[in-house]
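Listed below, chain by chain, are the residues.
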Amino acid sequence: MTDPTDLLAAIAAAPDLATLDAVRVAALGKAGSVTALMKTLGAMAPDVRLIEGPRLNALRETVTAAIHQRKSDLDAAALDARLASERIDLTLPVSPGPAGTIHPVSQVMDELAEIFADLGFAVADGPEIEDDWHNFTALNIPETHPARAMHDTFYMAQGGGVADEGAGPPRGTVLRHLLRTHTSPVQIRTMLKQPPPIRIIAPGRTYRSDSDATHTPMFHQVEGLVIDRGIHMGHLKWTLETFVKAFFEVDDVTLRLRPSYFPFTEPSVEVDVGCSWAGGTLSIGGAESWLEILGSGMVHPRVIAACGLDPDEWQGFAFGCGIDRLAMLKYGMTDLRAFFDGDARWLRHYGFKATDVPTLSGGVGA
Ligand code: DAH
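As the structure is a prediction and not an experimental result, all values here were calculated from the model.

## Thoughts on unusual backbone geometry
(1) Moving on: Residue Pro 197 follows Pro 196 across a cis peptide bond; omega there is 0°.
(2) Moving on: Within the secondary structure layout, Pro 197 lies in the loop between α8 (185-193) and β6 (198-207).
(3) Moving on: A cis geometry characterises the amide bond from Glu 266 onward to Pro 267, with omega recorded as -5°.
(4) Moving on: Position of Pro 267 relative to the elements: it lies in strand β9 (residues 265-276).
(5) Moving on: For Asn 140, which is not glycine, the phi torsion reads 65° and is therefore positive.
(6) Moving on: Its location among the elements puts Asn 140 in the loop between α6 (132-135) and α7 (147-150).
(7) Moving on: Take Asn 140: its relative accessible area is 14%, and that puts it in the buried class.

## Quick look at the site of the ligand
(1) Moving on: Close to the ligand lie 15 residues; His 182, Ser 184, Arg 208, Gln 221 and Glu 223 are nearest.
(2) Moving on: Take Gln 187: an N or O atom from its side chain is 3.2 Å from an oxygen atom of the ligand.
(3) Moving on: Secondary-structure elements contributing two or more residues to the shell around the ligand are β7 (218-228), β11 (289-299) and β12 (315-322).

## Points about the side chain of Asp 131
(1) Moving on: With respect to the helices and strands, the residue Asp 131 is situated in strand β2 (residues 129-131).
(2) Moving on: For Asp 131, a relative accessible area of 7% gives the class buried.
(3) Moving on: Among the polar contacts listed, one links the side chain of Asp 131 to the backbone nitrogen of His 134, at a separation of 2.9 Å.
(4) Moving on: Beyond its immediate chain neighbours, meaning those up to four positions away, Asp 131 contacts Leu 175, Arg 176, His 177, Leu 178 and Arg 189.

## Quick notes on the environment of Gly 351
(1) Moving on: Here Gly 351 is to be found in the segment after α12 (344-350).
(2) Moving on: Distance from Gly 351 to Gln 107, taken between C-alpha atoms, is 8.4 Å for residues 244 residues apart in sequence.
(3) Moving on: Residue contacts for Gly 351: discarding those within four places in its chain leaves Thr 101, Ile 102, Pro 104 and Trp 346.

## What about the packing of helix α1 (residues 4-13) against helix α2 (residues 17-28)?
(1) Moving on: Their axes nearest at 9 Å, the elements α1 and α2 cross at an angle of 155°. Regarding the angle of α1 to α2, the classification is roughly antiparallel. In this structure, α1 crosses over α2, and the sense of that crossing is left-handed. Within the contact between the two elements, α1 uses Leu 7, Ala 10 and Ile 11 and α2 uses Leu 20, Val 23 and Ala 27.
(2) Moving on: For the contact of α1 with α2, the class distribution of residues is six nonpolar, no polar and no charged.

Conventions adopted
Residues numbered from 1 in each chain as written. Predicted model: local features only at pLDDT ≥ 70, side-chain atom pairs only at ≥ 80, totals over all residues. Heavy atoms only, no water. Helix = DSSP H or I, 4+ residues; strand = E, 2+ residues; numbered from the N terminus. Buried < 20%, exposed > 50% of the residue type's maximum accessible area, 1.4 Å probe, protein only. Near = heavy atom within 4 Å. Polar contact = N/O pair within 3.5 Å; in protein donor to acceptor, adjacent residues only side chain to side chain. Contact = heavy atoms within 4.5 Å. Axes fitted to C-alpha atoms, helices over the stretch in contact; angles between N-to-C directions. Parallel < 35°, antiparallel > 145°, perpendicular 65-115°, else oblique. Left-handed = near helix turned anticlockwise from the far one by under 90°. Nonpolar A, V, L, I, M, F, W, Y, C, P; charged D, E, K, R; others polar.

Encoded structure:
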């Protein structure tokens, strides 16, 4: 095809890049029609070439320009088609919808962190594989103390060792590894790590060899610790009252402090919260009935001394509380074992939306 009109018409009509390229090769390729015409220039008489040269060059340029133009038109059309077919509407809800929820234990931990942050408490943590010095000895639970057995401890078959120089157990102490039976060793680790004043909570996993509807071998506790000068039971009571009010979202809260015994506090108290069971459902508030929610007390001077602090200068209070139990009371679950079964139906029912971030202003866990 050497008629310029036909060629330009074929270029303009090429429906896609492949057809256009075939037209290009047929015209401008090594064996193309326009290339063949160009080759005839050499054999022409000079006066004919003078006229035919510019004409054929112009033809080649026109064809080249037309191919360029068609190619960019086809490219633009292809891009438009792709943009139209790949368009997504970002305002549509995510498909197939949100999967997964926040576990009630995580939700309660976030609520605790939020409430106590407002009171100036930082969040601290410690290892779940502990040694018996941090878990027991430093907390005034010596080797022979019955509380060691009371705790139904999971001891490690191997590991442990002998303490060397440094903060913590005296040099030469034989250490046995275990799964921590409570979050109280975080009190010790925090006091060894940072100078007072201290205000921390330590939520985390704890382990005891126990299993029934209200006990699982792994469970969660939150520890609280305040160390400063001149701390007394009044500070403890106010802090716990403020916490319980914020957590259960009720203003009418009565706390009952019952004398108790923990080796690491003196005096020690168990704290009950007033509640009622109207129509079989629990509501927090009033003083009709009592629910035990936590253990606490003034940090024993021996515990303060074990962490290298002078108990005449520094005092404090501590508390420890089961997080799973708090979740059960607040959100109405009855069997603790279901918490750790990983049953998706349970999680869908009791779980929280990822966007339900607890805030004091928005209501913790509302
Ligand atoms: N560690 C105790 C337990 O697991 C709970 C506890 C009681 C913690 C009194 C404390 C406390 O900090 O002061 O049973």
